[in-house]
Amino acid sequence: MKLSRQLSMGLSLFAVLATSPAFAQDADEEAPSGEIIVTGSRGQQRTVLSSPTPIDVIDGDDLADRSGGQQLRDVLSQLVPSFQSTTVGSSSFNSLTRPAGLRGLSGVHVLVLVNGKRRHNSSIIDFNTGATSAGGNPVDLDLIPASAIQRLEVLRDGASAQYGSDAIAGVINIILKSDTSGFASIEAGQRYGTSYTGTDGETVQFAISKGLAIGDGGTLHLSAEAKNSKPTVRNGVITGALYFPLANGAPDPRELTANRRTYLGGLPEIKEIKLAENLVLPIGDAEFYSDATFAYREAEVGQAGRRPNSNQNVIEIFPDGFTPFYTLAETDFQITGGFRGKLGEWNADFSSTFGRNYARNGADNTVNASLGPQSPTSFDTFSSEFQQWTNNLDFTRGFMLGNSPLQVSAGAEYRWESYATRALDPESYINGGYFYPTGPLRGRPAQVGAQGALVVTPADEADISRNVLAAYIDLALDVTPRFLITAAGRFEHYDDSAGSVWSGKVSGRYELTDWLSVRGAFSNGFRAPALAQQAFAQTSTAINNINGVFVPVETAVVRVSSPVGLALGASPLKPEKSRNYSLGVTLEPAAGFSLTIDAYQIDLDDRITSTGLLTGTGVSNILRANGFSGNQAVRYFTNAVDTRTRGFDVVAAYSFDTVSAGSFRTTLGFNYNKTTIEGIAANPRQLAGLGLVLFDRRSQSFFTETPRTKLILGLNWTLDDVSINLVNTRYDKLSSLQNVPSADETFGAKWITDVEVSYKVTDFMRVAIGAYNFFDVYPDRTAVPNTTFGLPPFGASVFGNYGGYYYGRVSFDF
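What counts as what
- Residues numbered from 1 in each chain as written.
- Predicted model: local features only at pLDDT ≥ 70, side-chain atom pairs only at ≥ 80, totals over all residues.
- Heavy atoms only, no water.
- Helix = DSSP H or I, 4+ residues; strand = E, 2+ residues; numbered from the N terminus.
- Areas by Shrake-Rupley, 256 points an atom, 1.4 Å probe, with all protein chains shown as cover.
- Pairing = 2+ DSSP bridges.
- Buried < 20%, exposed > 50% of the residue type's maximum accessible area, 1.4 Å probe, protein only.
- Arc of directions from axis to C-beta.
- Contact = heavy atoms within 4.5 Å.
- Phe/Tyr/Trp six-rings, centres within 6.5 Å; stacked < 30°, edge-to-face > 60°.
- Lys NZ or Arg CZ within 6 Å of the ring centre and 35° of its normal.
- Polar contact = N/O pair within 3.5 Å; in protein donor to acceptor, adjacent residues only side chain to side chain.
- Core = buried A, V, L, I, M, F, W, Y, C linked by side-chain atoms within 4.5 Å.
- Salt bridge = Lys/Arg side-chain N within 4 Å of Asp/Glu carboxyl O.
- Patch = residues over 30% accessible without salt bridge, like charges linked within 9 Å, V, L, I, M, F, W, Y side chains within 5 Å.
- pLDDT = per-residue confidence, 0-100.

Asks: What am I meant to see in the overall build of the protein chain here?
Replies: For the protein chain, the helix and strand inventory stands at eight helices and 38 strands. A total accessible area of about 32400 Å² is found for the protein chain, and carbon and sulfur atoms account for 57% of it.

Asks: Sorry if this is basic, but what is going on with the sheet that holds strand 3 (residues 55-59) here?
Replies: By way of backbone hydrogen bonds, the strands of a sheet pair with one another, either parallel or antiparallel. Spatial strand order, 3-8-9-6-7: five strands in an open sheet with mixed pairing. Every other strand in the sheet has two partners, leaving strand 3 and strand 7 (117-118) as the edge strands with one partner each. For strand 6 (residues 110-114) and strand 9 (residues 170-176), the ladder comprises five bridges, and the chain directions are parallel. Its bridge partner being in strand 9, V110 is matched across the sheet by G170.

Asks: How do you make sense of helix 7 (residues 617-625) when you look at a structure like this?
Replies: Each full turn of the α-helix corresponds to 3.6 residues, which orients residues three or four apart in the same direction. Among all positions in helix 7, only V619, S620, I622 and L623 are buried. Take helix 7 and look down its axis: the buried residues cluster within an arc of 160°, on one side only. With respect to the buried face of helix 7, the exposed residues turned more than 90 degrees away are T617 and A625. Residues of helix 7 that are buried sit in contact with helix 6 (563-567) and strand 29 (632-635). Where helix 7 terminates, the next one or two residues include G627, which has phi positive at roughly 90°.

Asks: Would you explain the packing of aromatic side chains in this entry?
Replies: Two measures describe an aromatic ring pair: the distance that separates the ring centres and the angle between the ring planes. In the structure shown here, the tally under the stated rule is 24 aromatic pairs. When the ring of F333 is compared with that of F354, the centres are 5.9 Å apart and the planes differ by 45°; the resulting orientation is tilted. Here F333 is found in strand 17 (residues 325-343), whereas its partner F354 is found in strand 18 (residues 346-364), with 21 residues between them in sequence. One aromatic cluster is present, built from ring pairs that chain together F593, Y654, F656, F664 and W717. Directly above the ring of Y289 sits R340, whose terminal nitrogen or CZ lies 4.1 Å from the centroid.

Asks: Sorry if this is basic, but what is going on with the environment of F83 here?
Replies: Following the sequence through the fold, F83 ends up in strand 4 (residues 83-85). Looking at F83, the relative accessible area reads 3%, which means it is buried. Note: C-alpha distance between F83 and A100 (17 residues apart in sequence) is 7.2 Å. In this structure F83 touches R73, L76, S77, A100, G101, L102, L141, I172 and K710, once residues within four positions along its chain are discounted.

Asks: For this particular structure, what's the right way to read the side chain of E417?
Replies: Along the chain, the position of E417 falls in strand 20 (residues 404-423). The class for E417 is buried, based on a relative accessible area of 4%. A polar side-chain atom of E417 sits 2.8 Å from a polar atom in the side chain of Q388. Filtering out sequence-adjacent residues up to four positions away, E417 remains in contact with F386, Q387, Q388, I464, S465, R466 and L531.

Asks: Would you mind showing me how to read the nonpolar core here?
Replies: One recurring pattern in soluble globular proteins is that nonpolar side chains are buried together. Formed by 31 residues in total, the largest nonpolar core has its most connected members in Y419, F536, L568, L614, Y636 and L687. Of all the secondary structure elements, the ones that give two or more residues to this core are strand 19 (378-401), helix 5 (531-535), strand 26 (549-557) and helix 7. When residues no more than four places from it in sequence are discounted, the contact partners of F536 are I125, F127, F382, Y419, T421, L454, V456, V557, V558 and R559. Core analysis: the second largest hydrophobic core is formed by 30 residues, V80, L105, L141 and I174 among them.

Asks: Would you mind showing me how to read the pattern of salt bridges here?
Replies: Pairs can form between side chains of opposite charge once their charged atoms are near each other. For the coordinates displayed, the defined rule picks out 42 salt bridges. We note a salt bridge from E330 to R297, for which the minimum N-O separation is 2.6 Å. Taken as a pair, E330 in strand 17 and R297 in strand 16 (residues 286-302) lie far apart in primary sequence, 33 residues in all. This pair shows no difference in class: E330 is buried, exactly as R297 is. R509 serves as the salt-bridge partner of E511, at 3.2 Å between the closest nitrogen and oxygen. Salt bridges linked by common partners bring E413, R415, E417, R466, R490, E492 and D496 together as one network.

Asks: In this structure, what is going on with the side chain of E298? I would like to understand it.
Replies: Turning to its location among the elements, E298 is positioned in strand 16. Looking at E298, its side chain comes within polar contact range of the side chain of Y296, at 2.7 Å.

Asks: Looking at this model, I keep getting lost on a nonpolar patch on the surface. Mind explaining?
Replies: The grouping of I186, V204, F206, I208, F812 and F814 at the surface amounts to a nonpolar patch, some 520 Å² of accessible area in total. Looking at the nonpolar patch, the element that brings in the most residues is strand 11 (residues 203-214), giving three residues. If you trace the backbone, F812 turns up in strand 38 (residues 805-813). Taking relative accessible area as the criterion, F812 reaches 34% and is therefore assigned partly exposed.

Asks: Help me understand the confidence of the model for the protein chain in this model?
Replies: Parts of the prediction with low pLDDT should not have their coordinates interpreted in detail. Scored by pLDDT, the protein chain has a mean of 88; 90% of the residues are at 70 or more. Within the protein chain, no element has a lower average pLDDT than helix 1 (residues 14-19), which sits at 32, and none a higher one than strand 20, at 97. The low-confidence segment residues 1-32, where pLDDT is below 50, has 64 contacts with residues more than four positions distant or belonging to other chains.

Asks: What's the story with the environment of S578 in this structure? I'm lost.
Replies: Structurally, S578 is set in strand 27 (residues 576-590). A sequence separation of 26 residues divides S578 from L604, and the C-alpha atoms of the two residues are 4.4 Å apart. Each residue touching S578, except ones within four places of it in the same chain, is listed here: I168, S523, N524, G525, F526, D603 and L604. At 3.3 Å, the side chain of S578 and the side chain of N580 are in polar contact.

In structure tokens, the structure reads:
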């Protein structure tokens, strides 16, 4: 595919710098805590510290200074202590749309807004077996160009009553640039390590954005980015025979020289372009606004190698075996248009947003062995599409309730969304019936389906949509200048199994002194089942020898509404429902210094995930009794588990100028997070007495075994034209649990150091060099290396097992 087809211990200086008498503590600039926010507050202006719920504000310059070849979600992990992005390799979907979330929950529990309007979801589902939201399709943050972003506001609290479904862990509001500034940059870098593929993540990326004055007081800001990134591979050595023995029984001499590093999973090769526009145009007393984003991405990631002597291979095509590649071609866009202005005494805002994500999935350098020597070696396996159309009408107005200002906001929303999958090349899934004619596999059938690919058959195709109606009211009362109380309520109706849902929230803030405040909130929330969780299905076929007869056995993910699913106890999915509690303090005891501490508890019931693989005699008997062959191994999505997440966030910032040593901004972020399982759904009556464990010990650990703590220490120092940005992040230890406890492993805590040094060459030009994971830190090695597939010899981690990334950048302001 061608792009042209579519357009260690931390190095912290906090204590020394903050207490040295050589420094004057009067920062010229207002602290970030004084920045006006728009998320979580309608109508009346609030700041980070005056908000009744915790909010982080991340300036667009911070995103640019800390990019280092990383995606947006990785930068957020460096800046927001409770935001965690997991680096995944060779999980097909998940190596691209990687898991990320707030406060120990997943990406499906975070609502993403762009300029305050709901962002559409990806069509690529979270299909990782270790996913805590299997089958979900969260928003892909990485498809929004970072150069278009003015700032991000991250609300770390439940907000379903204000914004609707998904806002259980919080809200990320991406505010696009709307000024007339200009910016351009070009960056190149690569990983440092031992590459077995000739490439090691070499990346080149370009970004440009420019604002234009339009009409009388209007602006149009345009942004564009392009990126070309080579794959990053870390692997091990496979053992055992690769080739069939010779006729005399001796090993094939090719065993001595064969490539035994055939696992090519890791970070994918990516080619992408991203565009954005943001228009604000005054029209009389009103204002027309529009924003849009577009992205096109091609990606390819390797899988585990297939040995030449396996029934997954066709010797005539790949005499030395092969390594298949998962391929993706993805198109994504969203456009918003609206008017805002006065309607009588009310401020009114009407908007309409449409977004679409389309992905074409495939496999390359592979075969469907059941087709024999006639098999193609490249397939388009299936396509997926998600569309969302959201319409909002919002009103807000201030009143006086005695001497107390009261802000009243209300509105309504209509949303339509759809999800569809389509089977593509029939050769990727059909059973060609090929039996090996000669050699040790003579008379045995070849495996069915394109290797290294996720395939969808015509019977699996999804085509589902729903309509959502919502109405809300949001109140904020300044009882006194020191006491704020807010309340919100929302009703949503879905015309599918989600039904009707009510949610509410109360929050408050009280200033004990001019520099010390307490705040807290309680809310209930919900997440409607994703359309993909309701409709996605996928079937693969294996040929098993049953009583001397070769029989096709289907391994399938089935819809909950399918006859097979219903026979095995599947039921319509219910909304996940939450109760959020938070209590915190904010302090601003000195100029340039701010500190917030917020504790939280999130009770989340009926979390949706996948069952284990349902198979065995009992399952076969149930299937036969319901008119099926019984030769199926099945899993489906279900409301399986109730969890409780407890933790607290600490966020501190101290900025100060000095007489002769420059300006300093120091930051600290800390998150403690623990999730426990409070309940597990009982087996459905159809499976009672079969001894099946639908949610085993290993599956439970995906919810509970996450890094307990995360600490971020940051320092930004500027002296004249030189600036140094340093971030040290400590990730806590991580345990990998198995169904047999003796196989459990725990991998130690690690410090990751990120650094960038920049120099302002002219008023318009800056050069920078930097590194992500400067000291090339890897996770601990696993006790039992995988020599069957040659997986990397490292244990589990959230920061990946790819070592350091080093880069240089030239940027221009104009």
